[in-house]
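The primary structure of each chain is shown beneath.
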Amino acid sequence: MLRWFTIDYLNATIIYLPRVFLTVLNKEDIKMIKTILSGAIVLFSLSSSVFADGHTMMVEWDGTPGYLESTIMADTTATGEQAHDIYMLEANKVYLQLSELNLNSSCAIVGADYADGEHPATIQPIAGAEGTSQFTGWPNANIKTYGMNQTYHFENLLFNGVFADESGAMFGVLCTYGEGNTIMVNNVTSVHNSVITYFNFGLAERWHLTNNTAVQYTSYPGGMYFGGFFWGGGAWGGTLKELLIQNNLSFFLYCCLLYTSDAADEEDSVDLGGRRI
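Calculation notes
Throughout, a residue's number is its position along its own chain's written sequence, starting from 1. It should be noted that, the model being predicted, local features are given only for residues of pLDDT at least 70 and side-chain atom pairs only at 80 or more, the latter also being counted only at that level, while totals for whole chains, interfaces and linings use all residues. Side-chain measures here rest on the full set of heavy atoms in the structure, leaving out hydrogens and waters. In this text, buried Ala, Val, Leu, Ile, Met, Phe, Trp, Tyr and Cys residues form a nonpolar core when linked through side-chain atoms within 4.5 Å. Under the scheme applied here, a residue whose accessible area is under 20% of the maximum for its type counts as buried, over 50% as exposed, and between as partly exposed, the area being computed with a 1.4 Å probe on protein chains only. In DSSP terms, a helix is any run of H or I states spanning at least four residues, a strand is any run of E spanning at least two, and both are numbered starting from the N terminus. Only heavy atoms enter the contact rule, under which two residues are in contact if any of them lie within 4.5 Å. Put simply, two rings from Phe, Tyr or Trp (the six-membered ring, in Trp's case) pair if the centres are within 6.5 Å, and we call them stacked under 30 degrees between planes, edge-to-face over 60, tilted for the rest. Note that the arc is computed from the directions linking the helix axis to the C-beta atoms. Side-chain atoms alone can form a polar contact between residues adjacent in sequence; in general such a contact is a pair of N or O atoms within 3.5 Å, and within protein one must be able to donate a hydrogen while the other accepts it. A strand pair is defined by DSSP finding two or more bridges across the two strands.

**Q** Give me the lowdown on the nonpolar core, citing residues and values where you can.
**A** Leu-89, Leu-103, Ile-109, Phe-154, Leu-174, Tyr-198 and Trp-207 are the most contacted members of the largest nonpolar core, which totals 33 residues. Broken down by element, this core gets its largest block of residues, 4 residues, from strand β10 (residues 151–160). In contact with Ile-109, other than residues within four places in its own chain, are Ile-72, Tyr-87, Leu-89, Leu-101, Leu-103, Ile-143, His-153, Phe-154, Glu-155 and Leu-157. Counting residues in hydrophobic clusters, the runner-up holds 8 residues, among them Ala-141, Phe-171, Cys-175 and Val-195.

So this is what it looks like as structure tokens:
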């Protein structure tokens, strides 16, 4: 079944395309889908040209908490841009993260391919020396992106939201800020986040969420009515220029899969001051 959603403001478009089409499409449907997907193809083509394979840094695992974020944030040019296009993480390793990874310019963070019996490159929070979280601000997240007209790409990773000492759990994986940025998340697994996996606070952002898995949310006392896979298209976040959600898996979800404001779908939403789909 084809589901089609649109946002009425900012000329934005939300696209939800399931893995299998069970409906017979007419010519107008096909024309519409080709138009939208051509835009998606352009974005992915742009990302391929921006993130050149020859400009990759392997972030070698050494077991030191905080090494991941400190290494990537320190790898910048004199003008503040990331010095490498791609940061490759080792497969079958757990990178312990002490604080959020703040990104201000285009880059990709990608896990290396892993063999049968291995696990993807894994990122997991850990408490500081005093046993308390060093992640700052609300909401806390593994990664926060900023800037204007930047492109961020995350792929082939596993995020374990539970702190290594089991002292708590992360709010979510990714929070985005800035304006006009493109966010692409593909083949990323997240487990044990407490509230919202992906949260947009930026303006006129373009999001592509494809082939991801988000499961086993932990919630918190009294928090069963607040949470979801993606939030951020109005009252509870920023604004969207484009949102593509395709072939994702999410369960043990305490609240809503997708939350935007002033969004319209075919007939299956509940309007509670925003739009829950």
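**Q** Please set out unusual backbone geometry residue by residue, giving values where relevant.
**A** Between Trp-138 and the following residue, Pro-139, the backbone shows a cis peptide bond with an omega angle of -10 degrees. Counting through the fold element by element, Pro-139 comes out in the loop between β8 (121–125) and β9 (141–145). Even without glycine at this site, Asn-92 takes up a positive phi of about 65 degrees. Among the structural elements, Asn-92 can be located in the loop between β4 (86–89) and β5 (94–97). We classify Asn-92 as partly exposed; its relative accessible area is 33%. Even without being a glycine, Asn-156 presents a positive backbone phi close to 60 degrees. Mapped onto the secondary structure, Asn-156 falls in strand β10. A residue is classified by how much of its surface remains accessible, and Asn-156, at 9% relative accessible area, is buried.

**Q** Tell me about the environment of Val-191, and name the residues and values.
**A** Within the secondary structure, Val-191 sits in strand β12 (residues 182–191). A relative accessible area of 14% means that Val-191 is categorised as buried. Residue contacts for Val-191: discarding those within four places in its chain leaves Phe-159, Asn-160, Gly-161, Val-215 and Gln-216.

**Q** Can you explain the packing of aromatic side chains? Please cite residues and give values.
**A** Here a ring pair, both rings aromatic, is described through the centre-centre distance and the interplanar angle of the planes. Using the criterion set out here, one finds 12 aromatic pairs in the structure. Arranged with centres 6.4 Å apart and planes meeting at 70 degrees, the rings of Trp-138 and Phe-201 form a pair that is edge-to-face. Here Trp-138, found in the loop between β8 and β9, pairs with Phe-201, found in the loop between β13 (196–200) and β14 (205–210); they are 63 residues apart in sequence, far enough to count as distant. Taking relative accessible area as the criterion, Phe-201 reaches 24% and is therefore assigned partly exposed. Ring geometry for Tyr-198 versus Phe-229: centroids 5.5 Å apart, planes at 85 degrees, classification edge-to-face.

**Q** Explain helix α2 (residues 67–74) to me, and be specific about the residues and the numbers.
**A** Taken as a whole, α2 has its buried residues at Leu-68, Glu-69, Thr-71 and Ile-72. Looking straight down α2, one finds that the buried residues subtend no more than 165 degrees of arc, so they occupy a single side.

**Q** With reference to specific residues and values, describe the side chain of His-153.
**A** Position of His-153 relative to the elements: it lies in strand β10. At 2.8 Å, the side chain of His-153 and the side chain of Glu-155 are in polar contact.

**Q** Which residues make up the side chain of Asn-200, and what are the values?
**A** Structurally, the position occupied by Asn-200 is in strand β13. Given a relative accessible area of 0%, Asn-200 falls into the buried group. Within polar-contact distance, the side chain of Asn-200 engages the backbone oxygen of Gly-232 at 2.9 Å. Setting aside residues up to four positions removed in sequence, Asn-200 forms contacts with Thr-176, Glu-205, Trp-207, Phe-230, Trp-231, Gly-232, Gly-237, Gly-238, Thr-239 and Leu-240.

**Q** Got a sec to walk through the pairing of β9? Specific residues and values, please.
**A** Of all 5 residues making up β9, 5 are buried, and the element is well covered by its neighbours. Strand direction decides the pairing type here: strand β6 (residues 101–103) and β9, joined by 3 bridges, are parallel. Each residue of the ladder has a partner; that of Asn-102, found in β9, is Lys-144. Relative to strand β11 (residues 172–176), β9 runs parallel, the two sharing 4 bridges. Its bridge partner being in β11, Ile-143 is matched across the sheet by Leu-174.

**Q** Give a detailed account of the pairing of β8, specifying residues and quantitative values.
**A** In terms of burial, β8 is a largely internal element, 5 of the 5 residues being buried. Burial along β8 is two-sided: Ala-121, Ile-123 and Pro-125 facing one way and Thr-122 and Gln-124 facing the other are all buried. When β5 meets β8, the two strands line up parallel, connected through 4 bridges. Within β8, the position partnered with Gln-97 by the bridge is Pro-125. Sheet topology note: the β8/β10 ladder contains 3 bridges and is parallel.

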